[in-house]
Amino acid sequence: MFAELNQLLDASPQRPEAGKFILLRDTRTDGSFLVHHFLSFYLRAGCKVCFVALLQSFSHYSIVAQKLGEEINCHLASTFQGAAESQKVSPQPSLLQAQQSQGVSLTAAKEQGQLVFLEGLKSCLDLWFGEEKERSGDPSPLQFLSGSSSDLKALFDFVRTSLTPAGSDTWQGPVLLVDDLSVLLSLGATPVAVLDFIHYCRVTVCSQLKGNIVVLVHSEQDSEDEENKLVGNSLSHHSDLILWAEGLATGFCKDVHGQIKIIKRVSLELRGEQDCVQIYQYKIQDKNVTFFAPGLSAAVL
């Protein structure tokens, strides 16, 4: 979770919004850092998360989450230590406990039932080699790959079952996170099937369960992939918030890795109002991402 991005979005894990559809897009760059941010954000907020991971393995997301936790812990530790030195007192145990609680363990979240993780890469291999159904006895969420059905009903049923609260659940609002929706198109799903899947997820998660949906759609500016453009543009019209990461038009720069466009869809709630658009540049570091106004990189100043 990146504190600077939370400030730009006026968001906090202590007060997550509900009923929002958030679209992440990237062009000429890798926008996966946004996926890692929202995964960490909603887990810290105590939300029940269904993560449809079609791009990377569970170990990949787990390692990144641990790195982000280490960065926050180091920041908090220096803050507490500085406060203690200025007041010439020892840090209170409660502060140290708060510091330790900031890290996110995906393994622990899975074991506690907070995180439901669909590892798309593994599910595809199991389905193609006939092991998925034999092991679980249930149809695979990616059943459309077998050719038995062209729709994504099995995937929707998986999401609905995972996020429908049980009587003993004490989690906050449910969250569906998809990385990356474009992979479904690459696997053979039609744009209509993908858009239908998102539509039913929005009705169930956002409207009925008062939760949130975060979806990443990869796009190439010069690509002739009309199906991907259709899905991305269609979802843009229904999104409450769009975060669009773009690579620099001038090419690679070691101090500025790209720019992000934050579009708050005010027009969805207030007719006649224009959407709020903010543009920042960013630099991806080992355990953090810094954001700044265009032309105000630390290297320039």
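Per chain, residue numbering runs from 1 following the sequence as it is written. The model is predicted, so local features are restricted to residues of pLDDT at least 70 and side-chain atom pairs to those at 80 or more, both for listing and for counting; the totals for chains, interfaces and linings are taken over all residues. The basis for every side-chain value is the complete set of heavy atoms in the structure, and neither hydrogens nor water enter the calculation.

**Comments concerning the overall build of the protein**
Part 1: Of the regular secondary structure elements, the protein holds 11 helices and nine strands.
Part 2: A sequence separation of at least 24 residues applies to 70% of the contacts in the protein between residues at least 6 apart.
Part 3: Accessible surface area values rest on a Shrake-Rupley calculation with a 1.4 Å probe, where residue burial reflects the displayed protein chains alone. Element-wise, carbon and sulfur atoms account for 52% of the exposed surface of the protein, whose accessible area totals about 15,500 Å². Helix and strand assignments follow DSSP, with helices taken as H or I runs no shorter than four residues and strands as E runs no shorter than two, numbered in order from the N terminus. Contacts between residues were defined by any pair of non-hydrogen atoms, one from each residue, lying within 4.5 Å.

**A closer look at the packing of helix H8 (residues 153-163) against helix H10 (residues 191-208)**
Each pair of packed helices gets described by two things: the angle between the helix axes and the distance between those axes.
Part 1: The convention used is that axes are lines fitted to C-alpha atoms, helices contributing only their stretch in contact, and that angles between N-to-C directions extend from 0 to 180 degrees. Relative orientation of the contacting elements H8 and H10 amounts to 15 degrees, with a least axis distance of 10 Å. Taken as axis vectors, H8 and H10 run roughly parallel relative to one another. Note that H8 runs across H10; the crossing there is right-handed. Where H8 abuts H10, its residues Leu155, Phe156, Val159, Arg160 and Leu163 lie against Phe197, Tyr200, Cys201, Thr204 and Val205.
Part 2: Its residues placed into classes, the contact of H8 with H10 shows eight nonpolar, one polar and one charged. Note on angle classes: values under 35 degrees are labelled roughly parallel, values over 145 roughly antiparallel, values of 65 to 115 roughly perpendicular, and the remainder oblique. Helix crossings fall into two classes, left-handed where the near helix is turned counterclockwise from the far one by less than a right angle and right-handed where it is turned clockwise. Under this grouping Gly is polar, as are all residues other than the nonpolar Ala, Val, Leu, Ile, Met, Phe, Trp, Tyr, Cys and Pro and the charged Asp, Glu, Lys and Arg.

**Focus on the nonpolar core**
Part 1: With 42 residues, the main nonpolar core has Leu24, Tyr42, Phe51, Leu106, Leu115 and Leu243 as its most contacted residues.
Part 2: Of all the elements, helix H2 (residues 32-44) adds the most residues to this core, at eight residues.
Part 3: With residues near it in sequence (within four places) discarded, Tyr42 still touches Ile22, Cys47, Val49, Gln114, Val175, Asn212 and Val214. Residue types Ala, Val, Leu, Ile, Met, Phe, Trp, Tyr and Cys, when buried and joined through side-chain atoms within 4.5 Å, form a set referred to as a nonpolar core. Exposed residues in this analysis have more than 50% of their type's maximum accessible area, buried residues have under 20%, and partly exposed residues fall in between, with area computed by a 1.4 Å probe over protein chains only.

**A short note on the confidence of the model for the protein**
Part 1: Averaged over all residues, the pLDDT of the protein equals 84, while 82% of them reach at least 70.
Part 2: How sure the predictor is of each residue is captured by pLDDT, a score from 0 to 100. Between the elements of the protein, mean pLDDT differs from a low of 35, seen in helix H4 (residues 93-100), to a high of 97, seen in strand S2 (residues 47-53).
Part 3: Segment residues 72-101: pLDDT under 50, and 16 contacts once partners within four positions in sequence are set aside and those in other chains are kept.

**Section: the state of the cysteines**
Part 1: Any cysteine sulfur atom paired with another within 2.5 Å is treated as part of a disulfide. For the coordinates displayed, the defined rule picks out zero disulfides.
Part 2: A disulfide-free cysteine, Cys206 has its sulfur positioned 9.0 Å from the sulfur of Cys201, the nearest such atom.

**Observations regarding the sheet that holds strand S9 (residues 289-292)**
Part 1: What makes two strands pair is DSSP finding at least two bridges between them. The strand order across the open sheet built from nine strands is S3-S2-S4-S5-S1-S6-S7-S8-S9, with neighbouring strands paired in mixed fashion. What marks the edges here is a single partner per strand, and that holds for strand S3 (115-119) and S9. Neighbouring strand axes in the sheet, compared pairwise and without regard to direction, differ in orientation by 20 degrees on average.
Part 2: Lying on the sheet, H8 is in contact with S2, S3 and strand S4 (172-179); it crosses S2 at an angle near 160 degrees.

**So, the packing of H10 against helix H11 (residues 226-237)**
Part 1: Relative orientation of the contacting elements H10 and H11 amounts to 25 degrees, with a least axis distance of 10 Å. On the basis of the axis angle, H10 is roughly parallel to H11. Here the hand of the crossing between H10 and H11 comes out right-handed. Of the residues in H11, those touching H10 at Pro191, Val194, Leu195 and Ile198 are Glu227, Leu230, Val231, Ser234 and Leu235.
Part 2: Its residues placed into classes, the contact of H10 with H11 shows seven nonpolar, one polar and one charged.

**A look at H11**
Part 1: With 12 residues, H11 ought to run about 16 Å at 1.5 Å a step, and its terminal C-alpha atoms sit 17 Å apart, in line with that.
Part 2: Looking at H11, one finds that the buried residues are Asn228, Val231, Gly232, Leu235 and Ser236. Here the buried residues of H11 occupy an arc of 135 degrees about the axis, which is enough to place them on one side. In H11, the exposed residues that point more than 90 degrees away from the buried face are Glu226 and His237.
Part 3: The inward-facing, buried residues of H11 abut strand S1 (21-27), helix H9 (182-186), H10, strand S5 (212-219) and strand S6 (241-246).
Part 4: Here H11 starts with a cap whose side-chain oxygen sits 3.3 Å from the backbone nitrogen of Glu227, and that cap is Asp225. Each helix should span, by expectation, one fewer than its residue count multiplied by 1.5 Å. When we speak of the arc, we mean the arc of directions from the helix axis to the C-beta atoms. What qualifies as a polar contact is a pair of N or O atoms within 3.5 Å, subject to a donor-acceptor requirement within protein and to the restriction that residues adjacent in sequence count only when both atoms come from side chains.

**A look at the side chain of Thr29**
Part 1: Of note, Thr29 is situated in the loop between S1 and H2.
Part 2: Looking at Thr29, its side chain comes within polar contact range of the side chain of Tyr282, at 3.5 Å.

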